[in-house]
Amino acid sequence: MARIIVVTSGKGGVGKTTTSAAFAMGLAMKGYRTAVIDFDVGLRNLDLVMGCERRVVYDFVNVLNGEATLHQALIRDKRRDNLFILPASQTRDKESLTKEGVERVLNELAETHEYIVCDSPAGIEKGATLAMYFADDALVVTNPEVSSVRDSDRMLGILASKSRRAELGVEPIKEYLLLTRYSPERVRLGEMLSVEDVQEILSMHLLGVIPESKSVLGASNAGTPVILDEKSDAGQAYGDIVRRYLGEQVPHRFVEENKKGLLKRLFGG
């Protein structure tokens, strides 16, 4: 049976779609047959980050409405033949999503996939709550700032109370903290919260820290999941996160400030 993973946050613009694309690609790179679904009906960004926007013919809502089969709508990634993308609709509204329809699509995907990654919209509107409802695991993405962390705390309450697992009274959704756009230098200057601050507020298992990096924007603009950029610190960090999720013991990187060498201290830079 497939494991359903929701990538969620309370606040927009924290890096959910970047994370969904990188995480799904990372699972596929490890050999797992993976599908990633864009739940952000009306906007649709996942296909851009995955570099398959020109190949979208049918979308998630077309499948829900019986206007296309799941096989017709799924886009196979050109770099990994075990990774599939189900794009959102740009022309429908979020009311097009129904609990029954989403469950049917997830059940059909679960027959042929090992992992299903759900790229959730921000907040608590219908697309977000449905993306969370069927989840087994949740990657809660937050930035190291007070408003983002506070909104993530609110999402934890929803994950704990409004999921299918909560309704059935079974083992709760397994929650993982993902801290994005982190800069140890800015932490030292008091411009953002530290990893310890965020963990103290949210009391969550830290899956990983993604450093503030220009490579994330560059990869998104190129339609390439940043995890494929193995030379970049962000790409390496996402690789570490996938390995930790799969059970490997991987030390955390990018959480300490790099110490400048003697020449840099003397001459700047």
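Residues numbered from 1 in each chain as written. Predicted model: local features only at pLDDT ≥ 70, side-chain atom pairs only at ≥ 80, totals over all residues. Heavy atoms only, no water.

Student: For the side chain of Arg165, give the residues involved together with the corresponding values.
Tutor: Of note, Arg165 is situated in helix H8 (residues 164–168). Residue Arg165 is classed as buried on the basis of its relative accessible area of 17%. Side-chain polar atoms of Arg165 contact the side chain of Asp136, separated by 2.8 Å. With sequence-adjacent residues up to four places away left out, Arg165 is seen in contact with Arg3, Ala135, Asp136, Val170, Glu171, Pro172 and Ile173. (Helix = DSSP H or I, 4+ residues; strand = E, 2+ residues; numbered from the N terminus. Buried < 20%, exposed > 50% of the residue type's maximum accessible area, 1.4 Å probe, protein only. Polar contact = N/O pair within 3.5 Å; in protein donor to acceptor, adjacent residues only side chain to side chain. Contact = heavy atoms within 4.5 Å.)

Student: Describe the nonpolar core, listing the residues and the values that go with them.
Tutor: Among the nonpolar cores identified, the biggest contains 49 residues, and Phe39, Phe60, Leu86 and Ile116 are the most heavily contacted of them. Counting residues in each nonpolar core, the second largest holds 37 residues, with Ala24, Cys52, Val117 and Tyr245 among its members. (Core = buried A, V, L, I, M, F, W, Y, C linked by side-chain atoms within 4.5 Å.)

Student: Outline the sheet that holds strand S2 (residues 34–38), listing residues and values.
Tutor: The sheet built from 8 strands is open, its strands ordered S3-S4-S2-S5-S1-S6-S7-S8 with mixed pairing. Two strands lie at the open edges of the sheet, namely strand S3 (75–76) and strand S8 (205–211), each paired on one side alone. Bridge count between S3 and strand S4 (residues 83–86): 2 bridges; the pairing is antiparallel. Residue pairing for S4: Arg76 is matched across the bridge by Phe84. The sheet strands contacting helix H7 (residues 146–161) are strand S1 (3–8), strand S6 (137–142) and strand S7 (174–182), and the helix crosses S6 at an angle near 165°. (Pairing = 2+ DSSP bridges. Axes fitted to C-alpha atoms, helices over the stretch in contact; angles between N-to-C directions.)

Student: Run through empty space enclosed by the protein, naming residues and quoting values.
Tutor: All chains considered together, the criterion is met by 1 cavity of 30 Å³ or more. Quantified by volume, the largest cavity comes out at close to 30 Å³. Around the largest cavity sit Gly208, Val209, Ala237, Asp240, Arg244, His252, Arg253 and Phe254, which together line it. Residue assignment for the lining of the largest cavity shows that the elements contributing at least two residues are S8 and helix H12 (233–245). Tallying contributions element by element places H12 first for the lining of the largest cavity, with 3 residues. Its residues assigned to classes, the lining of the largest cavity shows 3 nonpolar, 2 polar and 3 charged. (1 Å grid on protein atoms, 1.4 Å probe; cavity = no way out; pocket = protein on both sides within 12 Å on 5 of 7 lines; lining within 4 Å. Points joined across faces, edges and corners; volume = space filled by probe spheres on them. Nonpolar A, V, L, I, M, F, W, Y, C, P; charged D, E, K, R; others polar.)

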